[in-house]
Amino acid sequence: MNSRIIKMLGFGIWMMFSIQASAQDIMANGGTLTVSQDNPGGSGAGEGSLKLIDNNPNSKIYVGGVTLPWYMQWQCNTPVRAAQYVLTSGGDAPTRDPKNWKLEGSDDAAAWTLLDTRTNEVFAGRNEARTFDIPTQGIYKYYRVTISTLNGSTAFQLSEWKLLEGLPPAAPTVLAGLATAGSEVLLSWQDNASNESGFEVERSSNGVDFVRVASLTSNRVSYAATGLLVNTSYQFRVRAINTYGNSAYSNTIILSTLNQSGQLTDVTDDGGVLAVSKDNDGGPNAGEGSTKLIDNNYSSKFLIFGAMPVDGYWARYRSQTPWVVTKYTITTGGDAPGRDPKTWKFQATNDTLTGWTDLDTRTGVTFGGRNTGYTFAFPNNTAYSYFRLLVTQNNGDGGIMGQISELEIWGMSPNAPKVPADLDVTAVTFTTATLKWTDNSSNETGFEIEKSEDSVNFEAAGTVAANTSTYEVPNLLGGFKYYFRIRAVTAATKSIWSKIVDTVTDYDPNLPLTPRNLQGTPLSETSVSLVWDDRANNETGFDIERSVNGINFTPLGSVNADVETYTDNGLNLASRYYYRVKAKNTFGSSYYSNVVTVITQGKNTAPTLDAITNKDICTTDSTFTFDLTGITPGAEAWQVVTLAVTSSDATLFDELSVTPVVNGKAQLSYNAAKGGTATITVRAQDNGATFNGGADTYTRTFTIVVNPLVVNIASDKGAVIPRLETAHLTASGADTYTWKSAHGIVNGATTPVLTVRPTINTPYTVLGVNSRGCKDTATITIQLQGNYNIDPVNVLTPNGDGKNDRWVIWNINTFPGNEVRVLDRSGRVVFMQKNYMNDWEGTYNGNPLPEGAYLYIIKLGTGIPAAQGVLTIIRNRK
């Protein structure tokens, strides 16, 4: 009796059990083994040929530098019929496995009959036993396997070879299980057969009516039963099968799912914090740093250098929220099994200061596969926030303490919404089914509903808001059986699925049933092939419709009854089309099938647009327009091109626009708001899309530089000058200048330099023009120092008393060239003098003017407004 370790499915739960040689094993009845080339140490060496028949999968024959073809031959004591044979791969180096071989039978070891041929075979695991049926059987004394090709190496290895009679397999035993979620239990059993082709797992809710829930391959010793109902009891049993019959059933076990409504989730994906006792020498973010432990990449790994410490090494994960964890998965590294964990504890706590709770302990574990996930389960109903894998022994490497590709921690949120109950179908129509359920939760944000046509493969059917208990599923086919399920969701988590219910939608027996499973395949750049399933037996034909937007469909064609194909020709390349089909007869038409989307072959070519020259403007007062040319949709002349224009600086323009394309041209207009530089992008897009790697856009860029003309004026005496002082005003920034007429201009009205001698505060304005015709104006105001405003006295009393005997105009002397006039009421000028000297005594032609009011007008010079007012003459008053 020999022992071997077998990995339970992908869950990595390990169990030790024994396999005894049975009457099914032809070689157990005695015989002689010969090989074409043995291990150099001989058949009895540690890796000699006798290891092929020692019933120990952990031993092997090894032949370095093997000569191919290589054969192994078994001589039976008496002729026998072999129905199957088993080859078990070696424990390392998959390249040494056989790839191509043949099995032959003979009565005399001289004339051979071909019984089986295998090519391109691959052993997925190490020490993996694979059973092969023999299609051509007979009674032979000699059997020979001839290997012609290995999987890459020049060395050969094989652990076991068995020849089996055609008998049903032995029954599995020791069926056991563990509930790991509200919807999952894990099963494991002992495989007592060496000739099974697989296993069947059956489930019952009452212990009487069992249904098959899984068909598994040979050598499987575990199964995860999923899709179960929360807090519900089930019974399970297993049997082995092969071509020659089924084994008896294993023992039956009763398991209840957990009273946990949350989905099993990888806790390490919740955004928590990972910490390790010792990191890779390159740090956590190095190529083999600790972050690789939870990066969901099974090809990367966390590698720790150095010898194993006395107290081991650990990886700790602090989750964002508490989780009820029931299993974890360790994915092995890609090489060096000696670095794998061997002995460890999986622990949890809610307070690292108060100590850790051991949830699972493993000792003496070896992992056969590289980059392979192994899952370990344990009972637990407590929610924790800290989880730790504490490894205290590896599998023998003394220089590297450990490597792990991935650590996944599987748990359920204690805050998950409750599973909806009592799901039922309350009404059906030709195209809808109305569902009703009981909302068991108080914290859901909504519900997700799924539908299926086979109760296995589900797809989304709709969502509803919280506190809803009904939903009408749309878009169903008439006369068809559907399956439905529902779950409650929150923003953070989801419940497990409810029970599954089914119904058959209504249909009119006079009308044909709706065709289903419409599929489309592009045949070329211009044609599409459609196929569908005809569900009716009373149709007279089918109508096919097409759409370019999935909304507006038009009739395309018709085919006769029982025809399930149609070819649509004359299409555009790399274009998307939508199709639907309905059946028809003399009573009417069915509902439409599903809508299928098809993209024709080929690639859309990009539109064209001529290059655009850069622009340089010097004004913000004008709108500029120029032509865009060379605009085409590319090779697809039937397409339409639209243009869009954008600027790298949107604030630079008051206007930036482009007109529609007409005859391959468009116009771009812009009006600058300020000075600056912007990159302008003109984007041409056709309506051909980008399917199949095509292009539907083309861009051109150019720059617009806005450099406005700025004219400045500078005074050589500054802006404030003394009275009667001459100043020179110099304009700059333009090429030519024109000064606006103003008081005090001496000369230079059309030159850059203007000479002025103002007698009052005076603004001077110049218009500058550059060689490109850009214009700008500037103004400077020259002010006089002090107060020189004239101040005429408004009373004249020429009576010889020395007071107001002469009319005085204060400050008149500061205005050379002034002219003073006095008018009587009739408008007659009674006094006029240039450069008035404040010496008029109120006379006209030497005679005194009569008393009264007189109008005066004082002209101070060109560009200065005249001053006027009323002067009163009074006589004979002292």
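The rules we used
Residues numbered from 1 in each chain as written. Predicted model: local features only at pLDDT ≥ 70, side-chain atom pairs only at ≥ 80, totals over all residues. Heavy atoms only, no water. Helix = DSSP H or I, 4+ residues; strand = E, 2+ residues; numbered from the N terminus. Rg over C-alpha atoms; globule rule 2.2 N^0.38 Å. Buried < 20%, exposed > 50% of the residue type's maximum accessible area, 1.4 Å probe, protein only. Contact = heavy atoms within 4.5 Å. Areas by Shrake-Rupley, 256 points an atom, 1.4 Å probe, with all protein chains shown as cover. Lys, Arg positive; Asp, Glu negative; His and termini not counted. Charge placed at Lys NZ, Arg CZ, Asp CG, Glu CD. Disulfide = S-S within 2.5 Å. Pairing = 2+ DSSP bridges. Axes fitted to C-alpha atoms, helices over the stretch in contact; angles between N-to-C directions. Salt bridge = Lys/Arg side-chain N within 4 Å of Asp/Glu carboxyl O. Phe/Tyr/Trp six-rings, centres within 6.5 Å; stacked < 30°, edge-to-face > 60°. Lys NZ or Arg CZ within 6 Å of the ring centre and 35° of its normal. pLDDT = per-residue confidence, 0-100. Core = buried A, V, L, I, M, F, W, Y, C linked by side-chain atoms within 4.5 Å. 1 Å grid on protein atoms, 1.4 Å probe; cavity = no way out; pocket = protein on both sides within 12 Å on 5 of 7 lines; lining within 4 Å. Points joined across faces, edges and corners; volume = space filled by probe spheres on them.

Our focus in this paragraph is the overall build of the chain. The number of helices and strands found in the chain is 0 helices and 69 strands. For the chain, whose C-alpha radius of gyration is 51 Å, the value lies well above the compact-globule estimate of 29 Å for 878 residues. With respect to the principal axes defined by its C-alpha atoms, the chain has extents near 175 × 85 × 60 Å. Buried positions account for 46% of the 878 residues belonging to the chain. Nonlocal contacts in the chain, meaning residues at least 24 apart in sequence, comprise 67% of its contacts between residues at least 6 apart. When the accessible surface of the chain is totalled, it reaches about 40000 Å², and 47% of it is carbon and sulfur. Each charge sign in the chain was given a centre, from 68 positive and 81 negative side chains, and these centres are 7 Å apart.

Taken as a whole and judged by the stated rule, the model has 1 disulfide. Here Cys618 is linked by a disulfide to Cys774, with a sulfur-sulfur distance of 1.4 Å. Classification of the bridge connecting Cys618 and Cys774 rests on its S-S torsion, roughly 40°, and on that basis the disulfide is right-handed. Placement of Cys618 in the loop between strand S46 (615–617) and strand S47 (624–628) and of Cys774 in the loop between strand S59 (762–769) and strand S60 (775–784) is noted, with a sequence separation of 156 residues between them. In terms of burial, Cys618 and Cys774 fall into one category: buried.

Pairing within the open sheet is mixed, and its 4 strands lie in the order S46-S52-S51-S48. Each having just a single partner strand, S46 and strand S48 (641–647) make up the two edges of the open sheet. Each adjacent strand pair in this sheet contributes to an overall mean axis angle of 20°, direction not counted. Pairing between strand S51 (residues 676–686) and strand S52 (residues 697–706): 10 bridges, direction antiparallel. Paired with Ile680 across the two strands is Phe702, which belongs to S52.

On to the pattern of salt bridges. With the rule as written, the count across this model stands at 33 salt bridges. Here Arg339 makes a salt bridge to Asp397, at a shortest N to O gap of 3.6 Å. Linking Arg339 in the loop between strand S24 (313–331) and strand S25 (341–349) with Asp397 in the loop between strand S28 (383–394) and strand S29 (400–404), this pair joins segments that are 58 residues apart in sequence. In this structure, Glu841 and Arg806 form a salt bridge, with 3.4 Å as the shortest nitrogen-oxygen distance. Taken together, the positions of Glu841 in the loop between strand S65 (829–834) and strand S66 (843–844) and Arg806 in the loop between strand S62 (795–796) and strand S63 (809–810) put the pair 35 residues apart, joining distant regions of the chain. According to the relative accessible area criterion, Arg806 is partly exposed, its value standing at 44%.

Applying the stated criterion across every chain, the model contains 29 aromatic pairs. Taking the centre distance of 4.5 Å and the plane angle of 45° together, the rings of Trp70 and Phe156 count as tilted. Here the residue Trp70 occupies a position in strand S5 (residues 70–81), and Phe156 occupies one in strand S11 (residues 156–158), the gap between them amounting to 86 residues. For Trp70, a relative accessible area of 1% corresponds to the buried category. Taken together, a centroid distance of 6.0 Å and an interplanar angle of 85° make the contact between Tyr140 and Tyr143 edge-to-face. On the basis of relative accessibility, which here comes to 12%, the residue Tyr140 falls in the buried class. An aromatic cluster of three or more residues is present, and its members are Tyr328, Trp344, Phe346, Phe367, Tyr374, Phe376, Phe378 and Phe387. Between Arg237 and the ring centre of Phe210, over which it is positioned, the NZ or CZ distance is 3.9 Å.

In this model, Leu68 is joined to Pro69 through a cis peptide bond whose omega is 0°. Mapped onto the elements of the fold, Pro69 is located in the loop between strand S4 (61–63) and S5. Phi at Asp562 is positive, roughly 70°, even though this residue is not glycine. Position of Asp562 among the secondary structure elements: in the loop between strand S41 (554–560) and strand S42 (565–568). With relative accessibility at 58%, the residue Asp562 sits in the exposed group. Positioned with a positive phi, Asn804 is a non-glycine residue whose angle comes to about 55°. With respect to the helices and strands, the residue Asn804 is situated in the loop between S62 and S63.

Our focus in this paragraph is the confidence of the model for the chain. For the chain, per-residue confidence averages 92 on the pLDDT scale, and residues scoring 70 or more make up 97% of the total. Per-residue pLDDT stays below 50 along residues 1–23; that stretch engages in 81 contacts with residues further than four places along the chain or on separate chains.

Moving on: the nonpolar core. The biggest cluster of nonpolar side chains holds 31 residues, and the ones touching the most others in it are Trp70, Met72, Tyr85, Leu87, Phe156, Trp161 and Leu163. At the level of secondary structure, the elements contributing two or more residues to this core comprise strand S3 (31–35), S4, S5, strand S6 (84–88), strand S7 (98–106), strand S10 (139–150), S11 and strand S12 (160–164). In contact with Leu163, not counting residues within four places along its chain, are Gln24, Asp25, Ile26, Met27, Trp74, Ala82, Gln84, Tyr85 and Tyr143. Counting 30 residues, the second-largest nonpolar core is a separate cluster that includes Val267, Val325, Ile330 and Trp344.

So, about the layout of surface pockets. Space inside the second largest pocket adds up to approximately 750 Å³. What lines the second largest pocket is a set of 26 residues, among which Arg203, Thr226, Gly227, Leu228 and Ile500 lie closest to the centre. Residue assignment for the lining of the second largest pocket shows that the elements contributing at least two residues are strand S15 (198–204), strand S16 (210–217) and strand S17 (222–225).

To continue, consider the pairing of S7. Most of S7 is tucked away, with 7 of its 9 residues classed as buried. Alignment of S7 against S10, held across 8 bridges, turns out to be antiparallel. Within S10, the position partnered with Asn100 by the bridge is Thr149. Bridge count for S7 against strand S8 (residues 112–118) is 6 bridges, and the pairing is antiparallel. Considered in S8, the bridge of Ser106 is made with Trp112. Where S7 folds back onto S8 in an antiparallel hairpin, the turn is made up of 5 residues, including Ala109, whose phi is positive at roughly 65°.

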